[in-house]
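Report on the structure
This is what each chain is made of:
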Amino acid sequence: MLETSARLLRLLSLLQTRPAWTGAELAERLQVSPRTVRYDIGKLRGLGYPVHATPGLAGGYRLGAGAELPPLLLDDEEAVAVAVGLRTAGAVEGIEETSLRALAKLEQVLPDRLRRRVRALHAATVSLAPGGPAVPAETLTAVATACRDRHRLRFDYRTHDGSVRMRDVEPYRLVHTGRRWYLIGWDVERDDWRTFRVDRIALRTPGGPRFTPREAPPASMVPKGVDTALMRHRARVTVHAPASAIAPHLPESVLVESAGDRTCVVHAGGETPMRLALHILALDADFTVDDPPELLEALRTLSARAEVTALGTGEQHSQQGGTS
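The notes below deal with the structure included here. In this numbering scheme, every chain counts its residues from 1 along its sequence in written order. Under the rules for a predicted model, residues below a pLDDT of 70 receive no local features and side-chain atom pairs below 80 are neither given nor counted, while totals for whole chains, interfaces and linings still include all residues. For side-chain calculations, the full set of non-hydrogen atoms in the structure is used, while hydrogens and water are omitted.

**Concerning the sheet that holds strand E2 (residues 51–54)**
Two strands pair under a simple rule: DSSP has to find at least two bridges between them. The helix count covers DSSP runs of H or I at least four residues long, the strand count covers runs of E at least two residues long, and both are numbered beginning at the N terminus. Read from one edge of the open sheet, 3 strands run E1-E3-E2, paired in antiparallel fashion. The two strands at the open ends of the sheet, each matched to only one other strand, are strand E1 (21–22) and E2. Relative to strand E3 (residues 60–63), E2 runs antiparallel, the two being bridged by 4 bridges. The residue of E3 that forms the bridge with Thr-54 is Gly-60.

Below, the structure written as structure tokens:
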């Protein structure tokens, strides 16, 4: 039988793994009597853990939320995951310093074996500078809570051209592409699934009513095509190569559709036509531009620059060869 202190830690760990336990289940796991379980539950409550009794014939317990945050018990994998997450917290406005403080507290109590794992992961990982704007932590929390609790969101949304419109949305999921945060949800007015950049959202108070979940959106929206769909400039290009040869060399945010054994269609996005043209040229395959006309103009500009550079370089080499 476990000593009282060890048994309390074991009991707390069990309560954190499931929404609810019966007294009999806890007694069996801890190999003690139901009376001892009740005694230990009282001890945990005295230490500040909000353990609530659950109704029912069998009687049971669940760990709830209290007015203050009590100590948490994490297993090895959970502790490593939290430490890595705190080290890489980015694109969330205002939590950098808080994350470092929490990480310092966690690493102080990590066993040596786990501390070495965390440091090895950190040393072998390169974090790119965030490419998109940071999002306030309270906005992400409010959106995530609405997704969980199935409450409609009402917010003002700023579009590409700077105009602002009120949107009424049934939130489905938050997506982080490594560059930006997106909300995927059912737009009530448009009667269709839509994606929204969270940094362009200004939440209204109060929010909307509860809603009944719909069938999940198409898999291509999560996260395939999210970046492309919300870029300022979007292109549809027919590439003269099979999708299997093109897709592995593109980021997850670019949508590639097979159009036969020898061709595929690439949907790409960019903040400017010139950046979009550079992305397309990087495909290293022949292609035909289906849309937009601005992409063709950018490609012509790049072609002209390349020709001038090539001619100038060739003349320099000729002159050097003639004087040697």
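**Observations concerning helix H3 (residues 34–46)**
By this rule, a helix spans an expected 1.5 Å times one less than how many residues it contains. Its 13 residues give H3 an end-to-end C-alpha distance of 19 Å, which sits within 8% of 18 Å, the value for a rise of 1.5 Å per residue. Remark: exposure states derive from per-residue accessible area (1.4 Å probe, protein chains only) relative to the maximum for the residue type, with buried under 20%, exposed over 50%, and partly exposed in between. For H3, the set of buried residues is Val-37, Asp-40, Ile-41 and Leu-44. The buried residues of H3 occupy an angular sector of 105° when the element is viewed end-on, so they sit on one face. Every exposed residue of H3 that faces more than 90 degrees away from the buried side is listed here: Arg-35 and Gly-46. We call two residues in contact whenever any of their non-hydrogen atoms come within 4.5 Å of each other. On its buried side, H3 packs onto helix H1 (4–17), helix H2 (23–30), E2 and E3. Following H3 by one or two positions, Gly-48 has its phi on the positive side, about 105°. In this context, the arc is that of the directions from the helix axis out to the C-beta atoms.

**Brief notes about the pairing of strand E9 (residues 192–197)**
Pairing between strand E8 (residues 181–187) and E9: 6 bridges, direction antiparallel. The residue of E9 that forms the bridge with Gly-185 is Arg-194. In textbook terms, the turn of a hairpin is the stretch between consecutive antiparallel strands, and for E8 and E9 this stretch comprises 4 residues, one of which, Asp-191, has a positive phi near 55°.

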